[in-house]
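A look at the structure
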Amino acid sequence: MAIALPASPVLTIATAFVTDTGMVSDRTDDGQTRLRSLYAATQYEVSLQWEKLELASKDTIETFLETYRASEIDATFSGKTYRGRLTQAPSVSFDGGQNLYRVTATLRGPRV
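Before going into details, it helps to say that this report is about the structure given with it. (Residues numbered from 1 in each chain as written. Predicted model: local features only at pLDDT ≥ 70, side-chain atom pairs only at ≥ 80, totals over all residues. Heavy atoms only, no water.)

L5, V46, L48, W50, L65 and L107 are the most contacted members of the largest nonpolar core, which totals 18 residues. Of all the elements in the fold, those that place two or more residues in this core are β5 (43–53), α1 (55–67), β6 (73–77), β7 (80–95) and β8 (100–110). Broken down by element, the residue count for this core peaks at five residues, all from β5. Those residues in contact with V46 that lie beyond four places of it in its chain are T15, A16, F17, F77, Y82, A105, T106 and L107. (Core = buried A, V, L, I, M, F, W, Y, C linked by side-chain atoms within 4.5 Å. Buried < 20%, exposed > 50% of the residue type's maximum accessible area, 1.4 Å probe, protein only. Helix = DSSP H or I, 4+ residues; strand = E, 2+ residues; numbered from the N terminus. Contact = heavy atoms within 4.5 Å.)

Following the criterion strictly, the structure yields nine salt bridges and no others. Two residues, D26 and R36, come together in a salt bridge whose shortest N-O distance is 2.4 Å. Residue D26 is found in strand β3 (residues 23–27), and its partner R36 is found in strand β4 (residues 33–37); the two are separated by 10 residues along the sequence. The partner of R108 in a salt bridge is E45, with the nearest N and O atoms 3.9 Å apart. A residue pair is termed long-range when its members are at least 10 positions apart, and R108 in strand β8 and E45 in strand β5 qualify at 63 residues. By relative accessible area, which is 27% here, R108 ends up partly exposed. Via salt bridges that share partners, D20, E45 and R108 belong to a single interconnected network. (Salt bridge = Lys/Arg side-chain N within 4 Å of Asp/Glu carboxyl O.)

So, about α1. In a regular helix each residue adds 1.5 Å, so 13 residues correspond to 18 Å; α1 covers 18 Å between its end C-alpha atoms and thus fits that length. Burial in α1 covers these residues: K58, I61, F64 and L65. For α1, the buried positions fall inside an angular range of 130° around the axis, keeping them on one side. Facing away from the buried side of α1, by more than 90 degrees, are the exposed residues A56 and T67. If you follow the buried residues of α1, they end up packed against β1 (3–4), β5, β6, β7 and β8. (Expected span 1.5 Å × (residues − 1). Arc of directions from axis to C-beta.)

Read these as geometric descriptors, not functional statements.
Set out below in structure tokens:
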């Protein structure tokens, strides 16, 4: 069972994904190109981003990502849900000028 990301704070518009169809091409002995699929469902590598966070919001996201680091997570943005596991440790940066934080993490899995 997947765990949904917290409803607040919301993901920023900068959240993006890369599509991996799992298709590879091979050359046969007679020079023809043959395509084959490595897995059944298209995989997405989703760069989750939260920006302009105050300390409490940053702590909420950090705690969630630490607690569920080995679990399946549902991330919904732009009306679509992506279910996967974290593939990179969360990254936190601080903007001293605005006194705000930015958190990023990467999730990999299919769209459900």
